[in-house]
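# Secondary and tertiary structure notes
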Amino acid sequence: MLLYAHDMLYLLLIVMLLFLLVFRIIVVSGGSMRMTLLDGDYLLLLNNTFYHTPQRGDIVTFWSDELGKLLVKRVVGLPGDEITFQDGYTYINGEMLDESYLPRQGITQCSASFLVPEGCVFFMGDNRTGSNDARFWKQPYISVDNIRAKVMVGISVLPDNSWRGVRVIH
């Protein structure tokens, strides 16, 4: 029995260290990523200590100096990208962006164009008609240093969204 308690203590210590150094859990608050992430979903995140280079399509958490809070959005533009919008679609360097993760296509509205500077990224929420994202911010480019973590897993346990269960986030 003593050996079992000893092993459990080690296991608990390892899990605590993993969640202090590698992983983090947060709860989604808001609808900017609806239907990909719902209000109240739990997210398992990979801390930026182990996630260094954002890729287009990644869903990450980052600190917004302009809004003064942590946000969850999708990486759309990378350093050097020119982002434009036409007929409800997003274009990166003149090519239509494949956004098969969106529940509806052709609904992204914006009359501005953006050129992402080095060391920065451009974010948008998946709920294109209900997201306050880089298209509307005074400072649309977020430094990669402000990225806190990459979303790895979504967990829906609330009565309104339990049908989604546990899922890997792309």
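Just above sits the structure.
So, here's what we can say about the structure. Predicted, not measured: the structure shown is a model, and the values here were computed from it. (Residues numbered from 1 in each chain as written. Predicted model: local features only at pLDDT ≥ 70, side-chain atom pairs only at ≥ 80, totals over all residues. Heavy atoms only, no water.)

## Some points on the pairing of strand 6 (residues 89–92)
As paired elements, strand 5 (residues 82–86) and strand 6 share four bridges and run antiparallel to each other. When the sheet's bridge partners are listed, Ile83 is paired in strand 6 with Ile92. Hairpin connection, strand 5 to strand 6: the antiparallel pair is bridged by two residues, and Asp87 has positive phi, about 55 degrees. Bridge analysis of strand 6 against strand 7 (residues 95–96) gives two bridges, and the strand direction is antiparallel. Bridging across to strand 7, Tyr91 finds its partner in Met96. Connecting the antiparallel pair strand 6 and strand 7 is a turn made up of two residues, with Asn93 showing a positive phi of about 50 degrees. (Pairing = 2+ DSSP bridges. Helix = DSSP H or I, 4+ residues; strand = E, 2+ residues; numbered from the N terminus.)

## Considerations on unusual backbone geometry
In the segment running from Arg34 into Met35, the intervening peptide bond is cis, with an omega of 10 degrees. As for its placement among the helices and strands, Met35 is situated in the loop between strand 1 (23–27) and strand 2 (42–47). The phi angle at Asp87 is positive, at roughly 55 degrees, despite the residue not being glycine. Looking at the element boundaries, Asp87 is found in the loop between strand 5 and strand 6. Taking relative accessible area as the criterion, Asp87 reaches 65% and is therefore assigned exposed. Here the phi dihedral of Asn93 falls at roughly 50 degrees; this positive angle occurs in a residue that is not glycine. Tracing the backbone shows Asn93 in the loop between strand 6 and strand 7. (Buried < 20%, exposed > 50% of the residue type's maximum accessible area, 1.4 Å probe, protein only.)

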